[in-house]
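Here are the chains, one letter per residue:
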Amino acid sequence: MSDVLSLMDQWGPEKVVSVSHTRTGMKGVLVIDNTARGMGKGGTRMSPTVTTGEVARLARVMTWKWAAVDLFYGGAKAGIVGDPTGRDKEAVLRAFARALSNEVPAEYVFGLDMGLTEDDAAIIQDELGDRGAAVGTDSVLGGVPYDRLGVTGYGVAEVADALAARIGLPLAGARVAIQGLGAVGSAAVRRFAELGATVVAVSSVHGALYDPAGLDVERLSRLHAEFGDLAVKEYAGGVVQALGSELVVPAEVLVPAALQDVIDEKVADRITARLVVEGANLPTSPAAQRVLAERGVVVVPDFIANAGGVVAAGFAMDARYSAFRPDAEVIRASVSTKLRENAVRVYEESARRGVTSHEAARALAQERVLAAMRLKGRVAS
Ligand code: NAD
């Protein structure tokens with residue numbers, strides 16, 4: 001159990017609400033971190049091991065993410081202790097939504113995170129009798145199903161294109177290696193191919209594929225639609241490379257888009273890419289970030305590169321009470337513009353200040369939040 005008061009610092013959390021319900025066994029927590037730039041917004045996680053401390057850390061990440069993409073929401077996150085595959089999931093979700101009806105939708109709106117799907121968001125809307133109570137629902141309900149649209153992976157490839165142009169490495173013809181073939185990785189593969197890059201390596205939990213001449217992305221995408229993660233084995237007739245090899249194959253661009261903590265100092269030393277675009281959250285250790293910076297490898301930090309989902313969530317927030325179905329092409333165009341601008345800005349700031357791109361991105365977000373806190377009289381100006 002975290003001591004909630006010990007989680008509080010100058011930024012937040014401003015509000016922590018713990019709830020429980022005896023009959024369903026529901027236990028959960030809502031953390032509203034910082035609302036200086038707008039109401040708290042962040043996804044809702046369901047896992048057997050979620051803690052108040054974990055939800056508070058994730059809520060803080062949302063504060064920085066919204067500020068970094070310059071959209072006007074604050075940080076928040078909710079967590080439910082429970083098995084997302086359990087038979088009682090719907091009852092638990094309904095109990096959790098009811099218990100937070102004082103806060104939702106004025107102070108918090110439910111959204112997708114680990115353990116919650118588009119269908120769960122629809123259940124929450126139903127329970128509270130309010131289309132504004134949750135985002136991430138299927139387009140059948142006028143929602144923005146961000147994972148199915150593949151906006152995060154799309155944004156990762158757009159960012160790579162912007163930075164590649166900035167550092168004199170044209171993406172057309174550049175070799176790209178991608179770790180992970182999930183919502184982020186599979187959409188990134190498609191967009192990289194559209195942008196003219198040569199995808200030479202991809203991986204899933206079942207193994208890595210590598211072809212120095214370039215993989216057949218159309219075939220891979222077809223197999224992925226049918227077999228999911230097993231597409232790598234189907235593609236290679238069962239003969240796959242060792243996991244982790246995809247991070248160090250000869251390539252100009254590397255996209256870790258699976259797990260956290262996959263690039264440590266040793267791996268960082270062996271990376272051949274000139275550009276690393278972090279699709280996953282926290283894939284690179286701070287020590288590895290320094291190694292890459294010393295080696296002149298440009299890194300686009302996670303909360304800049306994978307913010308496509310956040311931009312889509314911004315559209316979803318606006319669409320909650322609209323009669324019109326959001327246009328996926330408009331969302332993609334906005335993801336592209338916002339993420340490209342931010343990535344180049346962070347790159348230039350890190351060069352100007354002589355700090356890593358992660359430090360520059362964090363400083364940019366903090367400055368924006370602090371400016372809003374000053375204007376609202378929350379800190380002395
Ligand atoms: P996902 O569950 O859809 O896919 C994860 C992929 O990683 C799968 O293909 C899986 O097989 C693969 N994988 C797992 N272990 C692996 C290993 N050891 N080596 C290689 N591949 C492995 O997840 P996702 O939604 O694509 O998210 C991936 C990462 O991106 C996570 O860090 C997530 O937090 C982050 N992220 C996702 C979004 C989003 O919109 N989905 C937004 C921001 C950040």
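Residues numbered from 1 in each chain as written. Predicted model: local features only at pLDDT ≥ 70, side-chain atom pairs only at ≥ 80, totals over all residues. Heavy atoms only, no water.

(A) View of the packing of aromatic side chains. By the definition in use, this model includes four aromatic pairs. An aromatic cluster of at least three residues, connected via ring pairs, comprises Phe96, Tyr108 and Phe110. In this structure, arginine 219 packs its charged tip against the face of tyrosine 235, placed 4.4 Å from the ring centre. A cation over an aromatic ring shows up here: arginine 332 above the ring of tyrosine 154, its NZ or CZ 5.9 Å from the ring centre. (Phe/Tyr/Trp six-rings, centres within 6.5 Å; stacked < 30°, edge-to-face > 60°. Lys NZ or Arg CZ within 6 Å of the ring centre and 35° of its normal.)

(B) Representation of the site of the ligand. What surrounds the ligand is a group of 22 residues, the closest being Thr152, Leu181, Val184, Val205 and Asp229. In the model, an oxygen atom of the ligand is placed 2.9 Å from a nitrogen or oxygen of the valine 184 main chain. Between the ligand and the protein, one listed contact pairs an oxygen atom with a backbone N or O atom of glycine 279 at 3.5 Å. Breaking the shell around the ligand down by element, the ones donating at least two residues are α6 (183–194) and β7 (198–204). Of the residues that constitute the shell around the ligand, the class distribution is nine nonpolar, nine polar and four charged. (Near = heavy atom within 4 Å. Polar contact = N/O pair within 3.5 Å; in protein donor to acceptor, adjacent residues only side chain to side chain. Helix = DSSP H or I, 4+ residues; strand = E, 2+ residues; numbered from the N terminus. Nonpolar A, V, L, I, M, F, W, Y, C, P; charged D, E, K, R; others polar.)

(C) Main features of the nonpolar core. One finds Phe192, Val253, Leu275 and Val277 to be the most contacted residues of the largest nonpolar core, which totals 98 residues. By residue number, the principal contributor to this core is helix α5 (residues 151–166), which donates eight residues. Setting aside residues up to four positions removed in sequence, valine 253 forms contacts with Ala160, Leu169, Leu171, Arg175, Val176, Ala177, Phe192, Ala273, Leu275 and Val277. Counting 20 residues, the second-largest nonpolar core is a separate cluster that includes Val200, Leu254, Val291 and Val299. (Core = buried A, V, L, I, M, F, W, Y, C linked by side-chain atoms within 4.5 Å. Buried < 20%, exposed > 50% of the residue type's maximum accessible area, 1.4 Å probe, protein only. Contact = heavy atoms within 4.5 Å.)

(D) Structural context of unusual backbone geometry. With an omega of -5 degrees, the peptide bond running from glycine 12 to proline 13 counts as cis. By the secondary structure assignment, proline 13 is in the segment before β1 (15–21). One non-glycine residue, aspartate 70, adopts positive backbone phi at about 60 degrees. Taking relative accessible area as the criterion, aspartate 70 reaches 30% and is therefore assigned partly exposed. A positive phi angle, near 55 degrees, is found at leucine 282, a position not held by glycine. Tracing the backbone through its elements, the reader meets leucine 282 in the loop between β10 (275–277) and α10 (286–294). The exposed category is assigned to leucine 282, whose relative accessible area is 52%.

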